[in-house]
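Listed below, chain by chain, are the residues.
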Amino acid sequence: MRKSAILYLCLAVFLPSLLAAAEPLALMPVPEKMTMAEGQYRFDASFTLAVEGQAHPRLYSGATRMLRRLSGRTGLFMTQDVITPQTRVEKPGLIIRCQRPGKVALGEDESYELAISPAGVELRCVTDLGGLHGLETLLQLLQADEKGFFFPALSIQDKPRFPWRGLMIDVCRHWLPMEVVKRNLDGMAAVKMNVLHLHLSEDQGFRIESKLYPKLHQLGSDGFYYTQAEIKTIIAYADERGIRVYPEFDMPGHTTAWFIGHPELASAPGPYTIERTWGVMDPTMDPTKESTYRLLDRFLGEMAALFPDPYLHIGGDENSGKQWDANPAIQAFMKKNNIRDNHSLQAYFNSRLLKIVTKHGKRMVGWDEILHPSMPKNIVIHSWRGPDSLVQAARRGYQGILSNGYYIDLIQPASYHYLIDPVRPDAQLTPEEQARILGGEATSWAELVTPETVDSRIWPRTAVIAERLWSPASVRDLDDMYTRMEVISRQLEELNLTHIRNYEMMLRRLANQQETAPLRVFTDVVEPLKIYKRHSQGVTYYSYSPYTRVVDAARPESMTARSFARKVEAFLKAPSGPEGGEILNQLALWQENHARLLQTMAKAPAIREMESLSRDLADLAAAGLQAGEAIQEGRKLGGEWGAVQKELIERAKKPRGQTELMVVEPIARLIQAAQ
Ligand code: ACM
């Protein structure tokens, strides 16, 4: 036998197993410690699992859900039914050994260990919360090859870096019914998040039933609010997934919706109506009246009894102070009590609130405006205006959580959020100060989202924030993160999240039931304007405006643009490499797309606002093609050509339809390199 034939035979025999073992794992969040081992645990429809030890019932229901998801993803007709403490199985493929029932509470043990060998899978956990996390890891480890499904042999020891890994959902600016919250809780559990912060009251809506003060929700919500029974359902659903739920009642500003039913709470006479626009509004509670505190005492007592979590968020952000300045009684109160300024008056209000919140057995959380020298150290500072407030809070003895940098409504790329660490290396905190930083929360503000689009603004970017809050600080490789994020994003769809599937549905509607391909080619490379710039484009958005246009369908981060930019960089380094052909094909597609999209537009008025941007994309793509071909052939294009393209590039950078074209930079790189 010739040497090459022997080599071929060896490869043919060993390569499949090598390939299987070498398949990159898409775990998100990355575990604290992981060691790969030889082989795989292979299973078929006879796969069963068993739970041993002392576990809360949520581990049994969690194990059942995991089994159904495994069966769903593999299509295997698994035979095991609902898993209960009475379940007995011979030789389970997965044994979960749990030491004790967990409590869904801050600081509970969430660690787990996973050991996969060709003989089976063992998941060990101190509490069922760790067990649930381990089951999510196992589902992320599922792989397949020509022989069927398997889990790769390995061992994992894992625990979170931060105990507070949250998502705040604003259900006020746009109402989000319970089903939206539930599917997002499933998404959170899949990436090991453990806190749902419900932002429940705002200028634009009061979204929870109060039995003591029914005018709050009856007059403040257009009928869109959670009943107390629904809130209990949400809390139970979250608890089953190891997730705490705590409410925010934003005060003293952001309170218009309270005042429709209770104008006596306000610092200026009414009447008030539910706000339909966005921005910082002036209506503010009157902190000088005892009647304000009497209502808040009873109302917060009612809410404290409804939400079992020991934390309660009182908001405290963006008080414009204008109603206070204009109210003579409030000014007189300040003078009489030696209260120097509005921040101090708000500190007085907060100290009164703190007494009430504490009396009802809760710890007070507030946005960073509540930081004031007069406030005691047992409040939690929620940093949003800048990272400094978290550092300041930790230095001054307060616990804190970070949201500055995790504002997913700002439509920034996953890479931006991913690299922001709650513990800034340059802050030089002592270990004791560092320990006061409990974690963070992604914040989903809802001015520009509806039930149809909210998932696409939350996922998959929130998954990388979840990783930042769970995984070791040293896990920071962006390429690796993006590769894993795309896999996890598709898995999240199994949980009824709509972040991928609604795209095509929205494009169909925009295309007015015509073929969507040309619109998809275009929308794939635009992103909504970032950092609230969408509000300054000559369009006034109301709560009842349509959120169904191209800008709403467009994803916050164009993976097509990202991938194209990376190929351009590779091409410029090695023009004869494989990327050249891919780039030229892509550019040709964009160049030709405009004529097709024009045909769609003829019968689709809602997308006509994109005509000029689509034309710019085509023109830019044509220039990119010329540049790419010149680079491949080692030619240079003349200076006059460059001057024409420069104008085109500037034109293409201008937003249209509140979106921006995300491939201008990489095409400009090609154009520049060709001159
Ligand atoms: C906030 O974003 N106003 C807390």
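Just so it is clear, the model here is predicted, and its values are computed rather than measured.

Moving on, we come to the overall build of the protein. Counting its regular elements, the protein contains 25 helices and 18 strands. For 675 residues, the compact-globule estimate of 2.2 N^0.38 gives 26 Å, and the C-alpha radius of gyration of the protein, at 28 Å, lies within 12% of that figure. Its C-alpha atoms give the protein principal-axis dimensions of roughly 100 × 75 × 50 Å. The buried share among the 675 residues of the protein stands at 57%. Within the protein, contacts between residues at least 6 apart in sequence are counted, and of these 76% link residues at least 24 apart. Surface exposure of the protein reaches about 27400 Å², of which carbon and sulfur atoms provide 55%. Considering the protein, the positive charge centre built from 79 side chains and the negative charge centre built from 81 side chains are found 1 Å apart.

For helix α18 (residues 501–510), the complete set of buried residues consists of Asn 502, Tyr 503, Met 506, Leu 507 and Leu 510. Each buried residue of α18 lies within a common arc of 140° when the element is viewed along its axis, so the set occupies one face. For α18, the secondary structure elements touched by its buried residues are α19 (517–523) and α20 (550–553). Asn 512, located one to two residues past α18, shows a positive phi value of around 55°.

Moving on to helix α23 (residues 611–633). Taking 1.5 Å per residue, 23 residues should reach 33 Å; α23 reaches 33 Å between its end C-alpha atoms and fits that length. Positioned one or two residues after α23, Gly 634 has a phi angle of 70°, which is positive.

For the rest of this paragraph, the subject is the packing of α23 against helix α24 (residues 639–652). The angle between the axes and the distance between the axes are what describe a pair of packed helices. Running from amino to carboxyl end, α23 crosses α24 at an angle of 145°, the nearest separation of the two axes being 10 Å. The handedness of the crossing between α23 and α24 comes out as left-handed. The segment α23 lies against α24, with Leu 613, Asp 616, Asp 619, Leu 620, Ala 623, Gln 626 and Ala 627 engaging Trp 641, Gln 645, Leu 648, Ile 649, Arg 651 and Ala 652. The residue inventory of the contact of α23 with α24, partitioned by class, reads eight nonpolar, two polar and three charged.

Moving on: the pairing of strand β9 (residues 195–202). The side chains of a regular strand alternate, first on one face of the sheet and then on the other. By the criterion of burial, β9 is predominantly enclosed, with eight of the eight residues buried. The sheet contact formed by strand β8 (residues 164–170) and β9 spans five bridges and is parallel. Its bridge partner being in β9, Leu 167 is matched across the sheet by Leu 196. Taking the sense of rotation as the criterion, the β-α-β connection linking β8, helix α4 (residues 178–190) and β9 turns out right-handed. One ladder, built from six bridges, connects β9 with strand β11 (residues 244–251); its direction is parallel. By the bridge assignment for β11, His 199 is matched with Glu 248. Relative to strand β10 (residues 205–206), β9 runs antiparallel, the two sharing two bridges. Note that in β10 the partner of Ser 201 across the bridge is Phe 206.

The biggest cluster of nonpolar side chains holds 94 residues, and the ones touching the most others in it are Leu 196, Met 251, Trp 258 and Phe 299. Look past the residues within four positions of Trp 258 in its chain and what remains in contact with it is Ser 201, Phe 206, Leu 216, Phe 249, Asp 250, Met 251, Leu 265, Met 285, Leu 295, Leu 296 and Phe 299. If you look at the next biggest cluster of nonpolar residues, it comprises 48 residues, including Met 601, Met 610, Ala 627 and Leu 648.

Here we take up unusual backbone geometry. A cis amide bond, omega 0°, links Met 251 with the succeeding residue Pro 252. Checked against the element boundaries, Pro 252 lands in the loop between β11 and α7 (256–261). Each neighbour pair has its own omega, and for Trp 459 with Pro 460 the value is 5°, a cis peptide bond. As for its position among the elements, Pro 460 is in the loop between α15 (454–458) and α16 (461–470). Even without a glycine there, the phi angle at Lys 91 is positive, about 40°. In this structure Lys 91 comes out as exposed when scored by relative accessible area, which is 79%.

Along the chain, Arg 534 turns up in the loop between β17 (526–528) and α20. Take Arg 534: its relative accessible area is 4%, and that puts it in the buried class. Of the polar contacts made by the side chain of Arg 534, one reaches the side chain of Tyr 541; its length is 3.0 Å. For Arg 534, the residues in contact, after removing those within four places along its chain, are Leu 448, Leu 529, Tyr 541, Tyr 547, Val 551, Asp 552 and Gln 658.

Attention now goes to the packing of aromatic side chains. According to the stated counting rule, one finds 22 aromatic pairs in the structure shown. With centroids separated by 6.4 Å and ring planes inclined at 55°, the aromatic side chains of Tyr 41 and Phe 47 adopt a geometry described as tilted. Of the two residues examined, Tyr 41 and Phe 47, each falls in the buried class. Ring centres 6.0 Å apart and planes at 45° place the aromatic pair Tyr 293 and Phe 349 in the tilted group.

Rules used throughout
- Residues numbered from 1 in each chain as written.
- Predicted model: local features only at pLDDT ≥ 70, side-chain atom pairs only at ≥ 80, totals over all residues.
- Heavy atoms only, no water.
- Helix = DSSP H or I, 4+ residues; strand = E, 2+ residues; numbered from the N terminus.
- Rg over C-alpha atoms; globule rule 2.2 N^0.38 Å.
- Buried < 20%, exposed > 50% of the residue type's maximum accessible area, 1.4 Å probe, protein only.
- Contact = heavy atoms within 4.5 Å.
- Areas by Shrake-Rupley, 256 points an atom, 1.4 Å probe, with all protein chains shown as cover.
- Lys, Arg positive; Asp, Glu negative; His and termini not counted.
- Charge placed at Lys NZ, Arg CZ, Asp CG, Glu CD.
- Arc of directions from axis to C-beta.
- Expected span 1.5 Å × (residues − 1).
- Axes fitted to C-alpha atoms, helices over the stretch in contact; angles between N-to-C directions.
- Left-handed = near helix turned anticlockwise from the far one by under 90°.
- Nonpolar A, V, L, I, M, F, W, Y, C, P; charged D, E, K, R; others polar.
- Pairing = 2+ DSSP bridges.
- Right-handed = clockwise from strand over helix to strand, strands pointing away.
- Core = buried A, V, L, I, M, F, W, Y, C linked by side-chain atoms within 4.5 Å.
- Polar contact = N/O pair within 3.5 Å; in protein donor to acceptor, adjacent residues only side chain to side chain.
- Phe/Tyr/Trp six-rings, centres within 6.5 Å; stacked < 30°, edge-to-face > 60°.

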